[in-house]
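# Per-entry structural report
This is what each chain is made of:
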Amino acid sequence: LGFQPRNVLEVHVDLPEAKYPESHHCRAFFEPLVQRAQTLPHVRSAGLITGDLDLGTGGMTMDIAFPDRPAEDATQDLAAKYAIVTPGLFEALGLKLLAGRTCKEQETAVTLIDENLARKHFADVDPVGRKIIISGGEFTIVGVVSTLKDFQTLDPTDGAVYMPLGSYVPGQMVLVVRTDGDPMRLADAIRKEVAGLSGEEVVAKIETADMVLSRMLSPRRFSMVLLGLFAGIAVVIAVTGVYGLLEYSTSQQTREIAIRVALGAEGAKVCRMVLWRGLRLTLIGVALGLAGAVAVTRVLSSLLYDVSPTDPLTLASVSLVLTVVALLASYVPARRAARIDPMIALRYE
């Protein structure tokens, strides 16, 4: 996930522009709000972030460049997600600090980047202390944090930059509060604190991070459960069919097995012969099935995440299951037939 959603409360605040027209008006509201939230019972940490935590909206993006890179690289069209945060946000959201430090309250010319951006542009060097140009302004990278996944598109992100409040504070921000228990029990207390600062209702919504994730992932979860159910039924049908067909086919060879045993063939040799016959048929079927699977699963590629339509582990696992079932289906009746008295088997046939 890139963060720890458990026990996290999101309070979406939307200040009216008529009452908070300038950035310093917004700052006069949000800074005391964070301080008050941190003093509430059961609150472990609190912080602010712009946007919807970038979990599904994609977030704002800004052009970035690197002044210490060659000229041809510095002019490339690069972009990254952009969010304004307070220092307590990283602890409240459970983002891991991988290198460096977080920003301080009054710092303005510093930024933090996420792990994706660090890997993409600073694969061979330590990004801490490096310069980065964000929308025309130059900033110093002071830390690297874990990457927040975008659960709306599920596409790999180019990276993200986190700026301190600095001189610009927007009127729409999300107060993120980490608690030591059920976060929703603090909803009323936080509403009172907001109302005490604004004098009116400016809370757009209050929800937990788990609720946000559940809502965003529910369409994919439904597809996953449905496809998983159908896949499970398909495997059961395939296993039952393979077992039944080979068991019946082998049982029809009872007379042949009895004759071989009567003529002196060893039971183990007879079993190996039957097993090889069943295995050969199974391998032909598995090969044809794999070819069909590779062709069909490309249709489902849009529903897959971090796995290819020709995932070797998946195809190998299913092939192994069917092969083992086929061997059991061949072995059980062959072993049974090889152990019976040949005269009894022949008389029965």
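The following paragraphs examine the structure supplied in this document. (Residues numbered from 1 in each chain as written. Predicted model: local features only at pLDDT ≥ 70, side-chain atom pairs only at ≥ 80, totals over all residues. Heavy atoms only, no water.)

### As for the overall build of the chain
For the chain, the helix and strand inventory stands at 10 helices and 11 strands. The buried share among the 349 residues of the chain stands at 40%. Taken as a whole, the chain presents about 18,800 Å² of accessible surface, with 59% of it coming from carbon and sulfur. (Helix = DSSP H or I, 4+ residues; strand = E, 2+ residues; numbered from the N terminus. Buried < 20%, exposed > 50% of the residue type's maximum accessible area, 1.4 Å probe, protein only. Areas by Shrake-Rupley, 256 points an atom, 1.4 Å probe, with all protein chains shown as cover.)

### Overview of the pairing of strand β9 (residues 160-164)
Along a regular strand, successive side chains alternate from one face of the sheet to the other. Taking burial as the measure, the 5 residues of β9 include 5 buried ones, the bulk of the element. Judged by which residues are buried, β9 turns out to be covered on both faces: A160, Y162 and P164 on one side and V161 and M163 on the other are all buried. Where strand β4 (residues 78-85) and β9 come together, 5 bridges link them in parallel fashion. Considered in β9, the bridge of V85 is made with P164. (Pairing = 2+ DSSP bridges.)

### Things to note about the pattern of salt bridges
Under the criterion given, the structure shown has 8 salt bridges. Ionic pairing is found between E31 and R27, a salt bridge with its closest N-O pair at 2.6 Å. Taken together, the positions of E31 and R27, both in helix α1 (residues 23-38) and 4 residues apart, correspond to about one turn of that helix. Given the relative accessible area of 26%, E31 is considered partly exposed. We note a salt bridge from R119 to E115, for which the minimum N-O separation is 2.7 Å. Of this pair, R119 and E115 both sit in helix α4 (residues 115-121), 4 residues apart, which is roughly one turn of that helix. (Salt bridge = Lys/Arg side-chain N within 4 Å of Asp/Glu carboxyl O.)

### Overview of the packing of aromatic side chains
Applying the stated rule across the entire model yields 4 aromatic pairs. Taking the centre distance of 5.8 Å and the plane angle of 70° together, the rings of Y20 and F29 count as edge-to-face. Residue Y20 shares its accessibility class with F29, and that shared class is buried. What links up through ring pairs into an aromatic cluster is the set Y20, F29 and F30. (Phe/Tyr/Trp six-rings, centres within 6.5 Å; stacked < 30°, edge-to-face > 60°.)

### Here we look at a nonpolar patch on the surface
Nonpolar side chains collect at one region of the surface, where F222, L226, L229, F230, I233 and I237 lie side by side and expose about 610 Å² of accessible area between them. With respect to the element layout, F230 can be found in helix α6 (residues 209-251). (Patch = residues over 30% accessible without salt bridge, like charges linked within 9 Å, V, L, I, M, F, W, Y side chains within 5 Å.)

### Considerations on the pairing of strand β8 (residues 137-145)
Across the 9 residues of β8, 7 count as buried, placing the element largely inside the fold. Bridge count between strand β5 (residues 97-100) and β8: 3 bridges; the pairing is antiparallel. When the bridges of β8 are listed, L97 appears paired with V145. Of the pairings in the sheet, the one linking strand β6 (residues 110-114) to β8 comprises 5 bridges and is parallel in character. Paired with T111 across the strands is I141, a residue of β8. Bridge count between strand β7 (residues 131-134) and β8: 4 bridges; the pairing is antiparallel. Its bridge partner lying in β8, I134 is registered against G137. Hairpin connection of β7 to β8: 2 residues between the antiparallel strands, including S135 at a positive phi of 50°.

### Considering the side chain of T323
Looking at where T323 falls in the secondary structure, it is placed in helix α9 (residues 312-339). Note on T323: relative accessible area 15%, which makes it buried. Not counting residues up to four positions away in its chain, the partners in contact with T323 are L279, T282 and V286. (Contact = heavy atoms within 4.5 Å.)

### Concerning α6
For α6, built from 43 residues, the straight-helix expectation of 63 Å at 1.5 Å per residue is met to within 8% by its first-to-last C-alpha distance of 59 Å. Where α6 bends most, the angle comes to about 55°, and this point is S218, followed within four residues by the proline P219. Within the sequence span of α6, burial applies to A209, V212, L213, M216, L246 and T250. (Expected span 1.5 Å × (residues − 1). Bend = angle between axes of the 7 residues up to and from the residue.)

### Things to note about helix α8 (residues 267-297)
Its 31 residues give α8 an end-to-end C-alpha distance of 43 Å, which sits within 8% of 45 Å, the value for a rise of 1.5 Å per residue. Along α8, the residues that are buried comprise V270, C271, V274, G278, T282 and V286.

### Side note on unusual backbone geometry
Across the chain, the bulk of peptide bonds are trans and the bulk of non-glycine residues have phi less than zero. Backbone geometry places N7, a non-glycine residue, at a positive phi of 65°. Within the secondary structure, N7 sits in the segment before β1 (8-14). With phi around 70°, H42 is a residue other than glycine that occupies positive phi space. Position of H42 relative to the elements: it lies in the loop between α1 and β2 (43-49).

### Quick notes on the nonpolar core
In this structure, F29, F30, L175 and I190 are the most contacted members of the largest nonpolar core, which totals 44 residues. A per-element tally of this core places α1 first, with 6 residues. Those residues in contact with F29, other than ones at most four positions away along the chain, are V13, L15, Y20, V194, L197, S198 and V202. Grouped together as the second largest cluster of nonpolar side chains are 22 residues, A83, L95, V110 and V176 included. (Core = buried A, V, L, I, M, F, W, Y, C linked by side-chain atoms within 4.5 Å.)

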